[in-house]
Structures are given as structure tokens and as C-alpha cells.
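# Working through the structure, step by step
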Amino acid sequence: MAQIKIDHLYKQYSPNSPYAVNDLSLDIADSEFLVLLGPSGCGKTTTLRCIAGLETQTDGDIFIGDRLVNGLPAGDRDIAFVFQFYALYPHMNAFDNIAFPLRAQKIGKDEIKQRVEQVARLLRIEHLLPRKPSRLPSGEQQRIALGRAIIRRPHVFLMDEPLTNLDATLRIDMRAELKHLQADLKTTMIYVTHDQTEAMSMAHRIAIMNHGVLQQVDEPLTVYDHPATLFVAGFIGSPPMNFVNCRLDNGGISDASGAFKLPAAHIPHLNERVNSAASDEFVFGVRAENVTVETAVSTTPIRGEIVVREPMGDEMIYTVQVGDNLIRATTEPTFQLNPGELVGLTFDADRIHLFDAKTEKALVV
Ligand code: ATP
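Residues numbered from 1 in each chain as written. Predicted model: local features only at pLDDT ≥ 70, side-chain atom pairs only at ≥ 80, totals over all residues. Heavy atoms only, no water.

## Observations concerning the environment of Y10
Tracing the backbone through its elements, the reader meets Y10 in strand β1 (residues 4-11). Sequence separation between Y10 and G60 is 50 residues; the distance between their C-alpha atoms is 6.1 Å. Residue contacts for Y10: discarding those within four places in its chain leaves Y19, V21, N22, D23, Q57, T58 and D59. (Helix = DSSP H or I, 4+ residues; strand = E, 2+ residues; numbered from the N terminus. Contact = heavy atoms within 4.5 Å.)

Right under this line is the structure:
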């Protein structure tokens, strides 16, 4: 098992291109399941490939265990890499595919048999061992690829969107299986995905990147409840967090048109939060589940008109137009209103987020 330390990592593919990874520092604990999350092109794969030794960083250090691995070939880093595409050998059956890394290490026949069977039991693919992978469904191929990765008992697993090619149901099953497998094996895992649900459900901690820059690294619920930046707040959660551009106005906040006006009494620690800002422009943020739709319009500070109603089965999502802003709110599925109706909105005060419009950092006390 091994901890990993990434220290001021930079990667630039050519002298004039932007940094694919820009000053990334990250400590991953032994046995941790860390998910690298972010949109396409944010630098996740590049980071993983630098850790694997498949790319050379422009600057910075990478330690696996206590070893500085800069310049060490991929094969000497004691890691196993699982990609989105399984890259199994089509002419070999599942047994031989899984056994392949052990044969390369010249391990004896009996031990190979015992270890392949053990891994197959763990992944519940014993019945597939004689079969050629190309004839099997993608979920089973992916399990064989996992078998080939874990059989060497590496110190670290690196996985790059390994579930992307699976259908939705299988992905949910495999998510649970991978999480279970990692807990069993206690192998340090770095797992790349752009799928926030995958990240939230599997990770011990999530590291969120944007444009090569690490935005936040925290446990899933901390990232959800206390996003450190505007980017994280918008990227995590579905429906996405509501945002309104605001300025200070008579001690409270208001948008440019004045349609969205919230008195200071509704925003805990407004002054302290705003005092730490770099500019006088803010972004107000609140999740749909922390917005309450009221039909008694006269008692609420914010009013608007319902423009969209989306029945989701377990909840209803209303989109309410407030001046130029669209605010989403979730309610009980039985709370029935129609587009065109006027409603009031209130917010769970402890769940109101404020961001500095300039630095895009959360304003907290
Ligand atoms: P995706 O999920 O789409 O793979 P990602 O977050 O993993 O995205 P990277 O693949 O690491 O992002 O890409 C980061 C940036 O580096 C992108 O701008 C990409 O175009 C660039 N890049 C990646 N690989 C290369 C390469 N081999 N040569 C030049 N530029 C590259």
C-alpha cells in the first residue's frame, strides 16, 4: 500500500500552450479512494498519466510511498492502470488475460492458477475464465480488465473513466462493486471521472479541477455543502445551484434590476462575509432544495412567476422567473402549481452561499 504526494505539479504540452496541469499539490493517503473530478479538458487524465509515468511533467515532484518517482519508467512505479477502453487481448481467454501480468513476471504455474481463481472469485467471474472476452458483454469485459489490473497486487490503482462505456444500470452496479473492491483490497485508488454522481458515490475525497487548477479537495458532502469556489458550486449538484449576480443595497443585496432583493436579516453574517471580498460584486447562490415556494406571496421578500414545472416522480422542480433570473426550487411531488402563477420564494438562511464575483471564491466567516 502507498500514499501519494503530488507537489507543485505543472504540465505544458508545448511552450506556447496553456498549462494542462497548473501548480497541482495533493496528498493522497494510503488506502484512500480519491476521485479526480472535472469537465472535459480540465487536466484529470494528464495528472493521472504523470503519476503513472506515461507523461513527463514540466515541473514538480511526484512521490509514491516514500519514493520520488520523477523520471522512473511506468513499469517501475508499481501501479495498475485501468482505462475507459479495456484493451484485452482478443485471442486469449479471460484466464490468460488475467494471468498475463503474472506470466510476464515469470511466476510459477500453480501460483498463477491459484491467484487467477482468487481474483475471479472476488470479481464473480469464475464462470467466464474459459471464455474469450470479445464475445462477452461490456460489463464482463470490464471485470476481466479489472482482474488483470488487481492480480499484480499493485500499491496504487489509477483508473481513467473505467465505467464510461457501460450502460446506466451496469454503471451503478459497477460503482458499488468498485467501491467494495477498493475497501477489500485497501489499495490506494485515484479514479478520474467527469461524472459528479460517480464521484459523490464512490470517493473518500473528491479533488475538483478546472482549467488545470485544483479548486477544492474534500469529502463528498463537504464539497456539496461548502463549495470553495463558484465553479465547484455550479459543477456539483443536480439541478445546478441557482446563482444571482448581486451588489450591496441598503445593507442587504440586490441584483441590477432590483427584482431580486434580499434584506440583510435573511443572510447570516452578510457584513463579515462581504468585508473579506475583493470587490463589491457578489454572486448569491442557493440550491434548489433550499428554496421554498410559497403561495402567500405578500410575506416573502422575493416574488416571481412560475415558468416551468418538471415532475420528477420523487419531487417537483419549479423554475421561477424573478426579474432576469431563473430560480429553481424543488418541492414535494404533491405540491401542484401551474406555469403563470405568482409565488414567493424563501431561502434556508444557513444554506445561502456568497461568492466574490472577481475571485470566484466563497465568502465565508
Ligand atoms: P477528458 O476527460 O476530455 O480526457 P481531461 O480533464 O482528462 O479531459 P486532459 O486530457 O488531461 O483533460 O487534457 C488537458 C488539456 O491538455 C486539454 O486542453 C487537452 O487538449 C490538452 N492535452 C491533453 N493531451 C495532450 C497531448 N498529448 N498533446 C497536446 N495537448 C494535450
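Right, picking up where we left off after that structure.
## A few points about the domain arrangement of the chain
Domain annotation of the chain identifies domain 1 (4-228) and domain 2 (238-356). One C-alpha centre belongs to domain 1, the other to domain 2; they are set 40 Å apart. Facing the four residues of domain 1 at the interface are seven residues of domain 2. With both chains or domains summed, domain 1 and domain 2 bury close to 490 Å², and 41% of this area falls on carbon and sulfur atoms. Contact with domain 2 buries area across many residues of domain 1, yet Y224, D225 and P227 alone supply 83% of it, more than any other trio. Here domain 1 is connected to domain 2 by one salt bridge. Between D225 and R351 there is a salt bridge; the shortest N-O distance is 3.0 Å. (Domains from an automatic or database assignment. Buried area = accessible area lost by both parts, 1.4 Å probe. Salt bridge = Lys/Arg side-chain N within 4 Å of Asp/Glu carboxyl O.)

## A closer look at the packing of helix α2 (residues 94-104) against helix α3 (residues 109-123)
One way to put it is that α2 packs onto α3 with a least axis distance of 10 Å and a crossing angle of 125°. Overall, the two elements α2 and α3 adopt an arrangement that is oblique. Note on packing geometry: the crossing formed by α2 with α3 is right-handed. Of the residues in α3, those in contact with F95, I98, A99, L102 and R103 of α2 are I112, K113, R115, V116 and V119. The residue makeup of the contact of α2 with α3, split by class, is seven nonpolar, no polar and three charged. (Axes fitted to C-alpha atoms, helices over the stretch in contact; angles between N-to-C directions. Parallel < 35°, antiparallel > 145°, perpendicular 65-115°, else oblique. Left-handed = near helix turned anticlockwise from the far one by under 90°. Nonpolar A, V, L, I, M, F, W, Y, C, P; charged D, E, K, R; others polar.)

## Considering the site of the ligand
The full set of residues close to the ligand is Y13, A20, P39, S40, G41, C42, G43, K44, T45, T46 and E161. For the ligand, an oxygen atom lies 2.6 Å from a polar atom in the side chain of S40. Taking G43, its main chain carries an N or O atom lying 3.0 Å from an oxygen atom of the ligand. Relative to its unbound accessible surface of 630 Å², the ligand loses 53% to contact with the protein. By residue class, the composition of the shell around the ligand is four nonpolar, five polar and two charged. (Near = heavy atom within 4 Å. Polar contact = N/O pair within 3.5 Å; in protein donor to acceptor, adjacent residues only side chain to side chain. Areas by Shrake-Rupley, 256 points an atom, 1.4 Å probe, with all protein chains shown as cover.)

## Quick look at the pattern of salt bridges
Summed over the entire model, instances satisfying the criterion amount to 13 salt bridges. Measuring nitrogen to oxygen at the nearest pair gives 3.1 Å for the salt bridge that ties R143 to E177. In this pair, R143 is assigned in helix α4 (residues 138-150) and E177 in helix α5 (residues 168-185), connecting sequence segments 34 residues apart. E177 carries the same exposure label as R143, and that label is buried. (Buried < 20%, exposed > 50% of the residue type's maximum accessible area, 1.4 Å probe, protein only.)

## So, the pairing of strand β10 (residues 213-218)
By the bridge criterion, five bridges tie strand β9 (residues 205-210) to β10 in an arrangement that is antiparallel. Bridging across to β10, A207 finds its partner in V217. Linking β9 to β10, which pair antiparallel, is a turn of two residues; within it H211 sits at a positive phi near 50°. (Pairing = 2+ DSSP bridges.)

## Some points on unusual backbone geometry
For the peptide bond that leads from S238 to P239, omega is 0°, which places it in the cis range. Take P239: it is sitting in the loop between α8 (230-235) and β11 (242-249). Residues other than glycine seldom take positive phi values, yet H8 does so here, at roughly 50°. Inspection of the secondary structure assignment puts H8 in strand β1. Of the residues examined, H8 reaches a relative accessible area of 43% and is grouped as partly exposed. Even without being glycine, H269 reaches a positive phi, approximately 55°. Inspection of the secondary structure puts H269 in the loop between β13 (261-262) and α9 (270-275).

## With respect to the sheet that holds strand β15 (residues 291-294)
Strand order in this open sheet of five strands is β15-β19-β16-β17-β18, and the pairing throughout is antiparallel. Both edges of this open sheet fall to β15 and β18 (325-331), since each of them pairs with a single strand only. Mean inter-strand twist for the sheet, computed between neighbouring axes without regard to direction, equals 45°. Note that strand β16 (residues 302-311) and strand β17 (residues 316-322) share six bridges and pair antiparallel. Directly across from P311, in β17, lies its bridge partner M316.

## A short note on the sheet that holds β10
Pairing in this open sheet of six strands is mixed, and the strands run β6-β7-β8-β3-β9-β10 from one edge to the other. Of all strands in the sheet, those with a lone pairing partner are β6 (79-82) and β10, marking the two edges. Across this sheet, the average inter-strand angle for adjacent strands is 15°, counted without regard to direction. With four bridges joining them, strand β3 (residues 33-37) and β9 adopt parallel strand pairing. Opposite L37, over in β9, you have I208 as the bridge partner.

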